[in-house]
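Here are the chains, one letter per residue:
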Amino acid sequence: MLRDLEDGVVVVDSNVTVGQAVEDWLAHGLTNRDSNTRRAVTSLCKRHVIPYLGARRLRDLTAREVDQWMSTLAKSLSTRTLRTVHACLNRSVRRAMARDQVKRNVVELCTVPTGRAGRPSKSLSPEQAEAVLVQTEGHRMHNYIVLALLTGARTEELRALRWEHVHIDNLPDAEPPVPPHIEVWRSVRSGGDTKTRKSRRTLALPGRCVDALRSQRKQLEAERRAAGIAWVEHKLVFPTRVGTAMDKDNARRAFRSALAQVKDLKAEEWTPRELRHSFVSLLSDSGVPIEEISRLVGHSGTSVTELVYRHQIRPVIQTGAGAVDALFRGPAEAIVPQCLAHG
């Protein structure tokens, strides 16, 4: 207390615990976040912060204790989850500091260790992708799968897509001609904004997507009649059976239900976001430049595409090897690089 007085810091309540600080942050520090974020963060705090450090008095918490706590969690959590948990505690203590409940934030002095490797994302091969497109036909999620796989749109963008942003009637007489397209201008994020400014984009539609959207319109008309007064109109392209927005759990369950119809695929091992990874992989295998892929998936630059989809960008790596072979192989092998150019 004397040291606090000398430092000019007046601790209002020196008996506040870590658990109380975290609960206060959960109650009052997340008001500008959407409900999904609040729910996820609350779950992490109640599972990984409060049981370990909650009873500790905030002013007595040391950096060594935080390091030990993080090391324990690193045995069972991924690095990404560790960063999120660390951020939760850090913001809780920072809020307590601003309210004179503790003198300093020792959590900021601690680094996040490397956790367990997360499940790597994977992508469908061309043969698997064709099987998915064919064998899911007739399932309620088929049209969603077609659009996700053939446009690379994020699941959060497709779940927020409205009919006013769908244009499937070709206008050949327009100048310049306007092909069928969708406007990816919204997502299910807070405020309806897309993930980044570059994520707001307009995508031309392959013929298979146009057919899928026409089929989806008919499907929704039938579901609207079946739901009767229970139907809630939101003008969504891919709603639930009563017209409301699908959440990520709805989408995952329905997607796996559709994938269960595909032979030689284990539905439980796949998630909707891996349709986007498959889109990147298929374009990359076809020799589409990474700059174009980056633009199509709504990334701010190629570095993001390379980082997030590094397992899917295979031909980019192969092209480098082919170029070197073209430069340093003997004359007898000069014709080989012409084939390598196709990946």
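Predicted model, so just to flag it, every value in this text is computed and none were measured.

*Asks:* Before we move on, could you go through the overall build of the protein and cite the residues and values that matter?
*Replies:* Tallying secondary structure elements over the protein gives 15 helices and 3 strands in all. Buried positions account for 41% of the 343 residues belonging to the protein. For the protein, restricting intrachain contacts to residue pairs at least 6 apart in sequence, the fraction spanning at least 24 positions comes to 62%. Of the roughly 19,500 Å² of accessible surface on the protein, a fraction of 52% belongs to carbon and sulfur atoms.

*Asks:* Let's hear about the packing of helix H3 (residues 35-53) against helix H4 (residues 63-73): which residues, and what values?
*Replies:* Axes are the key here: two packed helices are described by the angle between their axes and the distance separating the axes. Across the interface, H3 lies against H4 with an axial gap of 11 Å and an inter-helix angle of 135°. When the axis of H3 is compared with that of H4, the two are oblique. Along this stretch, H3 crosses H4, giving a crossing that reads as right-handed. Along the contact surface, H3 presents His 48, Val 49, Tyr 52 and Leu 53, while H4 presents Trp 69, Thr 72 and Leu 73.

*Asks:* Help me get a handle on the packing of aromatic side chains, residues and values and all.
*Replies:* For the structure shown, the criterion picks out 1 aromatic pair. Residues Tyr 144 and Phe 238 carry aromatic rings whose centres are separated by 5.4 Å and whose planes lie at 85° to one another, so their mutual orientation is edge-to-face. Placement of the pair is Tyr 144 in helix H7 (residues 142-151) and Phe 238 in the loop between helix H9 (207-227) and helix H10 (248-259), with a sequence separation of 94 residues. Relative accessible area serves as the criterion here: at 1%, Tyr 144 is assigned to the buried category. Looking at Phe 238, the relative accessible area reads 3%, which means it is buried.

*Asks:* Explain the side chain of Glu 157 to me, using residue names and the numbers behind them.
*Replies:* Following the sequence through the fold, Glu 157 ends up in helix H8 (residues 155-158). The contact partners of Glu 157, leaving out residues within four places of it in the chain, are Val 184, Arg 186, Ser 187, Ser 199 and Arg 201.

*Asks:* Give a description of the pairing of strand S3 (residues 201-204) that names residues and reports values.
*Replies:* Because side chains alternate across S3, one face comprises the buried residues Arg 201 and Leu 203, and the other comprises Thr 202 and Ala 204, none of which is buried. Relative to S3, strand S2 (residues 181-184) runs antiparallel, the two being bridged by 4 bridges. Each bridged residue has a counterpart across the sheet, and for Glu 183 the counterpart in S3 is Thr 202.

*Asks:* Account for the confidence of the model for the protein, with residues named and values stated.
*Replies:* When pLDDT is averaged across the protein, the result is 82; 78% of the residues are at 70 or more. Scored below 50 in pLDDT, residues 332-343 shows 6 contacts in the model against residues more than four places distant or in partner chains.

*Asks:* Lay out the sheet that holds S2 with the relevant residues and their values.
*Replies:* Spatial ordering of the open sheet is given by S1-S2-S3, a layout of 3 strands whose pairing is antiparallel. Of all strands in the sheet, those with a lone pairing partner are strand S1 (166-167) and S3, marking the two edges.

*Asks:* If you had to explain the nonpolar core to someone new, which residues and values would you point to?
*Replies:* Within the largest apolar cluster, 43 residues are counted, with the highest numbers of intra-cluster contacts made by Leu 147 and Leu 213. Elements that contribute at least two residues to this core include exactly helix H6 (126-135), H7, S2, H9, H10 and helix H11 (273-285). Setting aside residues no more than four positions away along its own chain, Leu 213 makes contact with Leu 147, Trp 163, Val 166, Ile 168, Ile 182, Leu 205 and Val 237. Core analysis: the second largest hydrophobic core is formed by 30 residues, Trp 25, Leu 30, Met 70 and Leu 73 among them.

*Asks:* So, H11: which residues are in play, and what are the values?
*Replies:* Here H11 spans 19 Å end to end across 13 residues, near enough to the 18 Å set by a 1.5 Å rise per residue. Most of H11 sits inside the fold, with 11 of its 13 residues counted as buried. Along H11, the positions that sit buried rather than exposed are Glu 274, Leu 275, Arg 276, His 277, Ser 278, Phe 279, Val 280, Ser 281, Leu 282, Leu 283 and Ser 284. Downstream of H11 by a residue or two, Gly 287 has a phi angle that is positive, lying close to 90°.

*Asks:* Outline the pattern of salt bridges, supporting the account with residue identities and numerical values.
*Replies:* Oppositely charged side chains may form a pair once their charged atoms are brought near each other. The full count for this structure, using the stated rule, is 15 salt bridges. For Glu 65, the salt bridge is made with Arg 56, and the minimal N-O distance between the two is 3.0 Å. For Glu 65, a relative accessible area of 23% translates into the label partly exposed. For Arg 94, the salt bridge is made with Glu 108, and the minimal N-O distance between the two is 3.4 Å.

*Asks:* So, the environment of Val 232: which residues are in play, and what are the values?
*Replies:* Examined against the element boundaries, Val 232 turns out to sit in the loop between H9 and H10. Given the relative accessible area of 37%, Val 232 is considered partly exposed. Placed 12 residues apart in sequence, Val 232 and Thr 244 show a C-alpha to C-alpha distance of 6.1 Å. Not counting the four nearest positions on each side in its chain, Val 232 is found in contact with Val 242, Gly 243 and Thr 244.

*Asks:* Go over unusual backbone geometry with me, naming the residues and quoting the values.
*Replies:* For Lys 235, which is not a glycine, the phi torsion comes out positive at approximately 60°. Tracing the chain through its elements places Lys 235 in the loop between H9 and H10. A positive phi angle, close to 70°, is found at Asp 264, a residue other than glycine. Summarising the element assignment, Asp 264 is placed in the loop between H10 and H11. Residue class for Asp 264 comes out exposed when judged on its relative accessible area of 81%.

Criteria and thresholds
Residues numbered from 1 in each chain as written. Predicted model: local features only at pLDDT ≥ 70, side-chain atom pairs only at ≥ 80, totals over all residues. Heavy atoms only, no water. Helix = DSSP H or I, 4+ residues; strand = E, 2+ residues; numbered from the N terminus. Buried < 20%, exposed > 50% of the residue type's maximum accessible area, 1.4 Å probe, protein only. Contact = heavy atoms within 4.5 Å. Areas by Shrake-Rupley, 256 points an atom, 1.4 Å probe, with all protein chains shown as cover. Axes fitted to C-alpha atoms, helices over the stretch in contact; angles between N-to-C directions. Parallel < 35°, antiparallel > 145°, perpendicular 65-115°, else oblique. Left-handed = near helix turned anticlockwise from the far one by under 90°. Phe/Tyr/Trp six-rings, centres within 6.5 Å; stacked < 30°, edge-to-face > 60°. Pairing = 2+ DSSP bridges. pLDDT = per-residue confidence, 0-100. Core = buried A, V, L, I, M, F, W, Y, C linked by side-chain atoms within 4.5 Å. Expected span 1.5 Å × (residues − 1). Salt bridge = Lys/Arg side-chain N within 4 Å of Asp/Glu carboxyl O.

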